[in-house]
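Spelled out, the chains give:
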Amino acid sequence: MAHRKALSFALPAPLLLLVALTGCDSAGTAVDPGEPPLKGAAIGAPFELTGETGETVRWSDFDGQYRILYFGYAYCPDICPTDVQRAMAGLKRFEDDSPERGAQVQPLFISVDPERDTPEVLREFTDSFHPRLIGMTGETDVLKQVASDFGTTFSKGEVQPGGGYLMDHLGYTYLFGPTGDPLAILPTDLGPEAVAEELDKWVR
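Participant: Go over the overall build of the chain, please, and point to the residues and values.
Facilitator: Helix and strand counts for the chain come out as six helices and nine strands. Evaluated residue by residue, the chain yields a buried proportion of 47% over its 204 residues. Within the structure as shown, the chain displays about 10,100 Å² of accessible surface, and the carbon and sulfur contribution to it stands at 53%.

Participant: Please provide a residue-by-residue account of the nonpolar core, values included.
Facilitator: Of all hydrophobic cores here, the largest spans 52 residues; its most connected members are Leu69, Ile110, Phe150 and Leu199. Listed by contribution, the elements that provide at least two residues to this core are strand S3 (66-72), helix H2 (79-97), strand S4 (105-111), helix H4 (119-127), helix H5 (140-149), strand S8 (173-176), strand S9 (182-185) and helix H6 (192-202). With six residues, the top contributor of residues to this core is H2. Among residues more than four places away in sequence, those in contact with isoleucine 110 are Phe47, Leu49, Leu69, Tyr70, Phe71, Gly72, Met136, Leu143 and Val146.

Participant: Hey, could you go over the packing of H2 against H6 for me, with residue numbers and the actual values?
Facilitator: It is the contact of H2 with H6, at a shortest axis distance of 7 Å, that shows an interaxial angle of 55°. Looking at the two axes, H2 sits oblique to H6. As H2 packs across H6, the resulting crossing turns out to be right-handed. Side by side, H2 and H6 meet where Arg86, Ala87, Ala89, Gly90, Leu91, Arg93 and Phe94 of the first sit next to Pro192, Glu193, Val195, Ala196, Leu199 and Asp200 of the second. A class-by-class count of the residues in the contact of H2 with H6 yields eight nonpolar, one polar and four charged.

Basis of the calculations
Residues numbered from 1 in each chain as written. Predicted model: local features only at pLDDT ≥ 70, side-chain atom pairs only at ≥ 80, totals over all residues. Heavy atoms only, no water. Helix = DSSP H or I, 4+ residues; strand = E, 2+ residues; numbered from the N terminus. Buried < 20%, exposed > 50% of the residue type's maximum accessible area, 1.4 Å probe, protein only. Areas by Shrake-Rupley, 256 points an atom, 1.4 Å probe, with all protein chains shown as cover. Core = buried A, V, L, I, M, F, W, Y, C linked by side-chain atoms within 4.5 Å. Contact = heavy atoms within 4.5 Å. Axes fitted to C-alpha atoms, helices over the stretch in contact; angles between N-to-C directions. Parallel < 35°, antiparallel > 145°, perpendicular 65-115°, else oblique. Left-handed = near helix turned anticlockwise from the far one by under 90°. Nonpolar A, V, L, I, M, F, W, Y, C, P; charged D, E, K, R; others polar.

As structure tokens, this is what we get:
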């Protein structure tokens, strides 16, 4: 059985330092998180894609809202569902703890596999993780540009004898502010609680 090939990546050193400096001090006392780790980063740009109900979805549709954004695909056998599950479980925790602030966060999923991720497939995928998670996709050349604008990349893997294939992609889970400004990368690798804590830092 073919397995998804992960693309290795690392945050730039300054961003790693900023992430490391936020949170709690050695005594466990909450500290001022300071500036968001991704403040000023050239990540994000306007786009138009096709949503999970067939409508046109624009980045500007979510102006005034915080946005969680993940690039992946519904047929991903492991990484995508794990990342999305942790991100959405973290959002649910944050919503439970802070309903008003949680309502300001709109989760978004951009599929990099338009050949298979039809609106119906996307709806089934997103509905299994969070009732407000919106899926979208588009033509491959458009998706390539959107991915580049948002600091990520993807490529189609080798087609297997049965016609199946994997998509290689990066696993960033971004948090953007109400004006579309990048704030932080959510630590899905640390689990839902860490995601909720990160949301608590930046969603005002």
